[in-house]
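This is what each chain is made of:
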Amino acid sequence: MAAIYSLYVINKSGGLIFYKDYGSAGRMDTNDSLRMASLWHSMHAISQQLSPISGCSGIELLQADTFDLHCFQSLTGTKFFVVCDPGTQHMEGLLKHIYELYTDYVLKNPFYEMEMPIRCELFDIKLSQAIQKDSVALLSR
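The following refers to the structure shown.

Scoring rules and cut-offs
- Residues numbered from 1 in each chain as written.
- Predicted model: local features only at pLDDT ≥ 70, side-chain atom pairs only at ≥ 80, totals over all residues.
- Heavy atoms only, no water.
- Helix = DSSP H or I, 4+ residues; strand = E, 2+ residues; numbered from the N terminus.
- Buried < 20%, exposed > 50% of the residue type's maximum accessible area, 1.4 Å probe, protein only.
- Contact = heavy atoms within 4.5 Å.

A short note on the side chain of His-70
- In this structure, His-70 sits in strand E4 (residues 68-73).
- The class of His-70 is buried, set by a relative accessible area of 5%.
- Among all residues touching His-70, those that are not within four sequence positions of it are Glu-60, Leu-61, Phe-80, Phe-81, Val-82, Cys-84, Thr-88, Met-91, Glu-92 and Leu-95.

Examining unusual backbone geometry
- We note that His-90 has phi near 65 degrees; this positive angle belongs to a residue other than glycine.
- Turning to its location among the elements, His-90 is positioned in the loop between strand E5 (79-84) and helix H2 (91-107).
- Despite not being glycine, Glu-115 shows a phi value in the positive range, around 70 degrees.
- Within the secondary structure, Glu-115 sits in the loop between H2 and helix H3 (121-139).

Such coordinate-based values are descriptive only and should not be taken to indicate function.
Take a look at the structure:
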C-alpha cells in the first residue's frame, strides 16, 4: 500500500488547479476533489484568522484516525497538500520538493497561465518520479 493517497494544488483564490490520486481505495470523482480543495482552502483561511499567534500561516498538519493531511503554502498563496497514511514522517520535505518541481516545470513553462489548471506533461512525469521515490524511501524505513 502506498503511503501517499493523493496530492492537491490549490491557487491563492481557492481553486483546485491540480489533483492526482495515488491510492487504489476510495478514489474521488472530480466534484469530490473540488469540494475537498474548497473545504481545505476555507479551513486554512479560517485557522489563520482564529489563531491566537500573530503571523500564523494556517494549518500545516491535520491528523485523523485513518489519514494525515500535510500542507505547504508558498509565499504566493498557492497551497500544496498531500493525504497520506497516519503517522507518515518527512512530508514537509516532499511538499517543498513538489513546490520546486512546480516552479521549475509549471511556472517556467511559457504556455502556462497563472492560476489556471496545470496541464504540463513534464511536471506530471517528475512528480510521479518524486512520489514513487518517496514511497520507496518510506517503505524501507
